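These are the residues of each chain, in order.
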Amino acid sequence: MKNRFLTNILIVLLLICALVSCGKYQDALGKSTETETEKPSDDVADGNTESEDDNFSVTLIFDGDQYIPDIPIYAKWTDDKSYHEAAFDETGVAKISGLDGDYQVTLSDVPEGYTYNPNAYVATNNSKNVTIELYKCVKSRTGGGGLYNCIAINKLSVYRAALENDKSQVFFEFTPSESGTYSIESWVNVTDNTVNPLIDVYTGSSAAKFFHKTLDEGGKSSTYTKNFKYEINVDERMIGNTYTFAIRAESEKGFPVNVDFAVQLDGGFKIDWSTSVLMIPQAELKSVQAPIGRKLVGPEINLSPGKYRFDGTMYGLNEDDGYYHKYNEATGKYDGELLFAYISSPCRFLDDAFTTIEYHGNKALTVSNGTENYKFFIEGSGTVGYFCVNISQPPTKCPCILNGCGGVCVDGCKECMSECNTVSQEEYDGMRRGGYANYVNSDGLCPVTQELKDFLQKYSVNQRLFNDGNGWVENNDIIDVDALEDDQWLFACAYYEGFTNLP
């Protein structure tokens, strides 16, 4: 009898313990649901634990370097039944313990102007540490309101269509610059499952366009959200053709909504850098400061009220100092004002400086149909992390950086990781002098050399800044300006009034 009484007491105690240990989890729809799981301690709830091996973690990178957010952001792990979240700490890492299984990894928010692919990252018991790559959305200056008023794009990058209501649509006109298979894919979060993006595809030419079809498939999908993926196969004969499409959306959460979409070539943003020539400055570079208070003047000439043009005959190379100067009518020589180019500050017609223009994940500084890579030429020492992997979370940091390589390693380096872009010894020796960004003045400008003028011309041609009235420079809100084919390079130039820098 006593044994039976003791047995009953033990059973009651076990039932009480089981009830006390009941905790809560959030299901995929955010509803609180009871489950018999052990209530986590405060340390575990905050994403901290004594056993680092048990942690699932998320690290952010941007442009090859670890990114530490300056706003509150949570990493979110979602499976079919629940979600869990942890804040990014001061080191830029979000950690959590107690997970078991396969989880879609997303972010609660991103910094203003940034985005990421919310459908690309999965954490498992065998792959607990996830690195999420951030991209900057390319901002459009004008257009998008109609079939013949499109936003012109030709970069491999991520773009954003801002939709105010269910009737809104934003029109884009894409012009590929080389052959291959291009994809235009929406990046809408399928774990949220509240917005369904759509793309309307048009055929014809820039002068006559016709609706072809609506795509609502091809990318990552859920029950409501179905990401589109529009593919375009471009051969050599089709380079320069235009492809028009419109982005719109359906939404269960109401409007406004943003639809981010990626334009990629052969599955990626970047073309293999090694297939192009690494351009290194050959001129003797100097930083040239203008006298304080001198006014910066654009190089265009006035044709008629409100109408301007870039005229390349107004500027020429001065053999005495190796820089471009304005033509001096008094002397009949190019010894007038010294001409400068914007390098580390944006010019009037670009939202970004040349030194930051590739932060969007594009290949804007590779020109001449992908054969010439001007990234180091412009950025100089700012390219650290481009040549040698520099994510400040081992083991994804190149050992050479720790050993003082300076961020660039020579061919044959035995310590480099496979992701590193090594250079030849000759290239390395030339790179020691730096790039144009290493010699800018306090306004972010450098004097225009022959090689810098050549780059500006190639950049304009590659980006179609002048395109029969439809180019980015021609369609700006600042000035009505045009240029002959060989004079496009002046778009990024200016001079200080009265400053020649000559003896």
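The structure under discussion appears in the preceding block.
Residues numbered from 1 in each chain as written. Predicted model: local features only at pLDDT ≥ 70, side-chain atom pairs only at ≥ 80, totals over all residues. Heavy atoms only, no water.

S.K.: Please explain the overall build of the protein chain as it appears in this structure.
M.R.: When its secondary structure is counted, the protein chain shows 6 helices and 33 strands. The 503 residues of the protein chain split such that 47% are buried. Across the protein chain, contacts joining residues at least 24 apart in sequence account for 66% of those joining residues at least 6 apart. Of the accessible surface of the protein chain, which amounts to about 25,200 Å², a share of 48% is contributed by carbon and sulfur atoms. (Helix = DSSP H or I, 4+ residues; strand = E, 2+ residues; numbered from the N terminus. Buried < 20%, exposed > 50% of the residue type's maximum accessible area, 1.4 Å probe, protein only. Contact = heavy atoms within 4.5 Å. Areas by Shrake-Rupley, 256 points an atom, 1.4 Å probe, with all protein chains shown as cover.)

S.K.: Just checking my understanding: could you explain the side chain of E300 for this structure?
M.R.: Structurally, the position occupied by E300 is in the loop between β23 (296-297) and β24 (301-304). Given a relative accessible area of 18%, E300 falls into the buried group. A polar side-chain atom of E300 sits 2.9 Å from a polar atom in the side chain of R348. With residues up to four places along the chain from it excluded, the contact list for E300 reads Y308, R309, F310, R348, I479 and V481. (Polar contact = N/O pair within 3.5 Å; in protein donor to acceptor, adjacent residues only side chain to side chain.)

S.K.: I keep staring at helix α6 (residues 450-463) and nothing clicks. Help me out?
M.R.: An α-helix turns once every 3.6 residues. As a result, residues three or four positions apart point the same way. For α6, with 14 residues, the first-to-last C-alpha span of 20 Å sits near the 20 Å given by 1.5 Å per residue. With 10 of 14 residues buried, α6 is to be regarded as a mostly interior element. E451, L452, K453, F455, L456, Q457, Y459, S460, N462 and Q463 are the residues of α6 that are buried. Positive backbone phi, approximately 55°, marks R464, located one or two places after α6. (Expected span 1.5 Å × (residues − 1).)

S.K.: Got a minute to help me understand unusual backbone geometry in this structure?
M.R.: Glycine aside, residues mostly have negative phi angles, and peptide bonds mostly take the trans form. Geometrically, the link from F255 to P256 is a cis peptide bond, its omega value of 5° lying close to zero. For P256, the position within the fold is in the loop between β20 (243-251) and β21 (257-265). Its identity as a non-glycine residue notwithstanding, N193 has a phi of 60°, on the positive side. In this fold, N193 is placed in the loop between β15 (180-186) and β16 (195-204). Judged by relative accessible area, which is 17%, N193 ranks as buried. Phi at R464 is positive, roughly 55°, even though this residue is not glycine. With respect to the element layout, R464 can be found in the loop between α6 and β32 (481-483). By relative accessible area, R464 is classed as partly exposed at 29%.

S.K.: What exactly am I supposed to notice about the environment of T194 here?
M.R.: Residue placement: T194 occurs in the loop between β15 and β16. Residues T194 and S222, spaced 28 residues apart in sequence, show a C-alpha to C-alpha distance of 9.7 Å. Each residue touching T194, except ones within four places of it in the same chain, is listed here: Y224, T225, E250, S251, E252 and K253.

S.K.: Mind showing me how you'd approach the pairing of strand β6 (residues 83-87) here?
M.R.: Looking along a regular strand, one sees the side chains alternate between the two faces of the sheet. Two strands pair when backbone bridges link them, and strand β5 (residues 74-78) and β6 are joined in this way by 5 bridges, in the antiparallel orientation. Residue pairing across strands places K76 opposite E85, the latter belonging to β6. (Pairing = 2+ DSSP bridges.)

S.K.: Which parts of the structure should I look at to understand the packing of aromatic side chains?
M.R.: The way to describe two aromatic rings as a pair is by their centre distance and the angle between their planes. If you walk through the whole model with that rule in mind, you get 27 aromatic pairs. Centroid distance F377 to F455: 6.2 Å. Interplanar angle 40°. Geometry classified as tilted. With a gap of 78 residues between them, F377 in helix α3 (residues 375-379) and F455 in helix α6 connect regions that are remote in the sequence. What links up through ring pairs into an aromatic cluster is the set F354, Y374, F377, Y436, F455, Y459 and F491. Taking the ring centre of Y83 as reference, the NZ or CZ of K76 above it sits at 5.3 Å. (Phe/Tyr/Trp six-rings, centres within 6.5 Å; stacked < 30°, edge-to-face > 60°. Lys NZ or Arg CZ within 6 Å of the ring centre and 35° of its normal.)

S.K.: Which parts of the structure should I look at to understand the sheet that holds strand β22 (residues 277-278)?
M.R.: Sheet strands associate in pairs through backbone hydrogen bonding, adopting either a parallel or an antiparallel arrangement. What the 3 strands build is an open sheet, ordered β22-β30-β29; its pairing is mixed. At either end of the open sheet lies a strand with only one pairing partner, and these are β22 and β29 (366-367). Sheet topology places β22 next to strand β30 (residues 372-373); 2 bridges connect them, and they run parallel. For L278, the partnering residue across the bridge sits in β30 and is N373.

S.K.: Sorry, what's going on with the environment of D166 here?
M.R.: Counting through the fold element by element, D166 comes out in the loop between β13 (158-163) and β14 (170-174). The sequence separation of D166 and S251 amounts to 85 residues, and the corresponding C-alpha distance is 7.6 Å. For D166, the contacting residues outside a window of four places in its chain are A249 and F255.

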